[in-house]
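# Examining the three-dimensional arrangement
Residue-level listing of the chains:
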Amino acid sequence: MAEAVPVRCPACQRENSYTSPVFPCACGSPVVPPLDREAAPLPLTHRTWQDSWVTVRCGACGRESEWPHPEVGCGACGTVVLVPVRPPGPATADGGAEAGPGAGGEGSDEREAAAADGPDGTGHRAGGPGSGQAAARGPVSRPPFRPVTIRTARDAVAAAVLYLRWLGFRDVRQPDGVPIPSAAVDLRAPGVVAQVDPTTAPAGLRAVECVWLNGLTASATSVYFALAGYTEEARSRADDLGIPLFVMDLTGMPQPANDPADALVGRGA
């Protein structure tokens, strides 16, 4: 299992715990992006497809593959923070990376930890949602969440569906009828109304209030998922209304963005 590391938000300076995702290489070995602890994290102000991926070399076979760039949503201000990753060094004859400054540091420890976690290459973050393994130690016992890599808007919706099912909601689906007049995708299940915003702009106040009204009408829990985080007004209103907010990174792992989201993860459906 990769070790959780502190990542300081460049906007509010709060430290957030982050655990590197584990990806499955084509050879079957687990691959962990080598985080660069010396580089400063950067806020994600505009998402581009090219900058959303990083090249990571497999320590077992030397294959270089593109994987989602590690990022974490700040639990205090909602800023989406890009976690720096060391680029792969020159390849050696055996297919591995040439030793160099920092090559035997955190990246090597993470690869060894990932290998000790098993060669199944499940591609999910071992600690589950939230900080470290907090969710796994919560009152609700459930297996670790297995995310799906987000490459398209459809993938973001699929990740949200899987996460809601992981929380315990059954029969999650898109409702029949005319789609809602926005970029967000509506999801329904007994006891929950959710919206998924796969766009590159932070979800605003109106979006949060709309999902709250939909949940109120259906006498269900309202939940919101966003790729680009939330505006300050939206976060404040969600806290007032008790709406769980989740930020999804490109690994497909939703991260709780407020206290109601933490509470939902702890208790489940």
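Just so we're clear, the structure is a prediction, and the values are computed from it rather than from any experiment.

### Side note on the packing of helix 3 (residues 205-218) against helix 4 (residues 232-241)
Here helix 3 crosses helix 4 at 25°, and the two axes come no closer than 8 Å. Accordingly, the angle class assigned to the pair helix 3 and helix 4 is roughly parallel. Along its contact with helix 3, which presents L205, V208, E209 and W212, the element helix 4 presents E233, A234, R237, A238 and L241. Classifying every residue of the contact of helix 3 with helix 4 by side-chain character gives 6 nonpolar, no polar and 3 charged.

### Notes on the pairing of strand 12 (residues 221-226)
Counted residue by residue, strand 12 has 5 buried out of 6 residues, so it is predominantly covered. With 6 bridges joining them, strand 11 (residues 192-197) and strand 12 adopt parallel strand pairing. Within strand 12, the residue paired with Q195 across the bridge is Y224. Pairing of strand 12 with strand 13 (residues 245-248) involves 3 bridges; the strand directions are parallel. Within the sheet, the bridge partner assigned to Y224 lies in strand 13 and is L245.

### Brief notes about the sheet that holds strand 11
Spatially, 10-11-12-13-14 is the arrangement adopted by the 5 strands of the open sheet, whose pairing is mixed. Two strands close off the open sheet at either side, each with one partner strand: strand 10 (185-189) and strand 14 (254-256). Adjacent strand axes in the sheet meet at a mean angle of 25° when their direction is disregarded. As paired elements, strand 13 and strand 14 share 3 bridges and run antiparallel to each other. Each residue of the ladder has a partner; that of F246, found in strand 14, is P256. Along the sheet face, helix 3 touches strand 10, strand 11, strand 12 and strand 13 and points at about 160° away from the line of strand 11. The strands touched by helix 5 (residues 259-267) within the sheet are strand 12, strand 13 and strand 14, with strand 13 carrying the most contacts at an inclination of about 85°.

### Quick notes on the nonpolar core
L164, L187 and F225 are the most contacted members of the largest nonpolar core, which has 29 residues in total. Taken together, the elements giving at least two residues each to this core come down to helix 2 (153-167), strand 10, strand 11, strand 12, strand 13 and helix 5. The leading source of residues in this core is helix 2, at 9 residues. Once residues lying within four places of it in the same chain are set aside, the contact partners of L187 are V157, A160, V161, L164, V172, R173, Q174, P175, V192, V193, A194 and V196. Core analysis: the second largest hydrophobic core is formed by 19 residues, A226, Y230, A234 and I243 among them.

### Describing the sheet that holds strand 5 (residues 42-43)
If you trace the 3 strands from one edge of the open sheet to the other, you get 5-9-8, paired in antiparallel fashion. In this open sheet, the two strands that pair with only one neighbour each are strand 5 and strand 8 (71-73). When strand 8 meets strand 9 (residues 80-82), the two strands line up antiparallel, connected through 3 bridges. Note on strand 9: the bridge partner recorded for V72 is V81.

### Things to note about helix 5
Regarding helix 5, the residues found buried are P260, A261, L264, V265 and G266. Where helix 5 is buried, its residues contact helix 2, strand 12, helix 4, strand 13 and strand 14. Measuring from the side-chain oxygen of the N-cap residue of helix 5 to the backbone nitrogen of A261 gives 3.1 Å; that N-cap residue is N258.

### Concerning the packing of aromatic side chains
Under the criterion given, the structure shown has 7 aromatic pairs. Put simply, the rings of F145, Y163, W166, F225 and F246 touch in pairs and so form one group of aromatic residues.

### Concerning helix 3
Under the 1.5 Å per step criterion, the end-to-end length of helix 3 is 20 Å for 14 residues, consistent within 8% with the ideal 20 Å. Buried within helix 3 we find A207, V208, V211 and G215. What you see down the axis of helix 3 is that its buried residues fit within an arc of 100°, all on one side. In helix 3, those exposed residues whose orientation departs by more than 90 degrees from the buried face are R206, L216 and T217. Contacts made by the buried residues of helix 3 are with strand 11, strand 12, helix 4 and strand 13.

### With respect to the pairing of strand 10
Most of strand 10 sits out of view: 4 of its 5 residues are buried. Judged from the 5 bridges that link them, strand 10 and strand 11 form a sheet pairing that is antiparallel. Looking at the pairing, A189 lines up with V192 of strand 11. Count of turn residues in the strand 10/strand 11 antiparallel hairpin: 2 residues, of which G191 carries a positive phi of about 95°.

Conventions used here
Residues numbered from 1 in each chain as written. Predicted model: local features only at pLDDT ≥ 70, side-chain atom pairs only at ≥ 80, totals over all residues. Heavy atoms only, no water. Axes fitted to C-alpha atoms, helices over the stretch in contact; angles between N-to-C directions. Helix = DSSP H or I, 4+ residues; strand = E, 2+ residues; numbered from the N terminus. Parallel < 35°, antiparallel > 145°, perpendicular 65-115°, else oblique. Contact = heavy atoms within 4.5 Å. Nonpolar A, V, L, I, M, F, W, Y, C, P; charged D, E, K, R; others polar. Buried < 20%, exposed > 50% of the residue type's maximum accessible area, 1.4 Å probe, protein only. Pairing = 2+ DSSP bridges. Core = buried A, V, L, I, M, F, W, Y, C linked by side-chain atoms within 4.5 Å. Polar contact = N/O pair within 3.5 Å; in protein donor to acceptor, adjacent residues only side chain to side chain. Phe/Tyr/Trp six-rings, centres within 6.5 Å; stacked < 30°, edge-to-face > 60°. Expected span 1.5 Å × (residues − 1). Arc of directions from axis to C-beta.

Everything listed here is a matter of geometry and, on its own, says nothing about what the molecule does.
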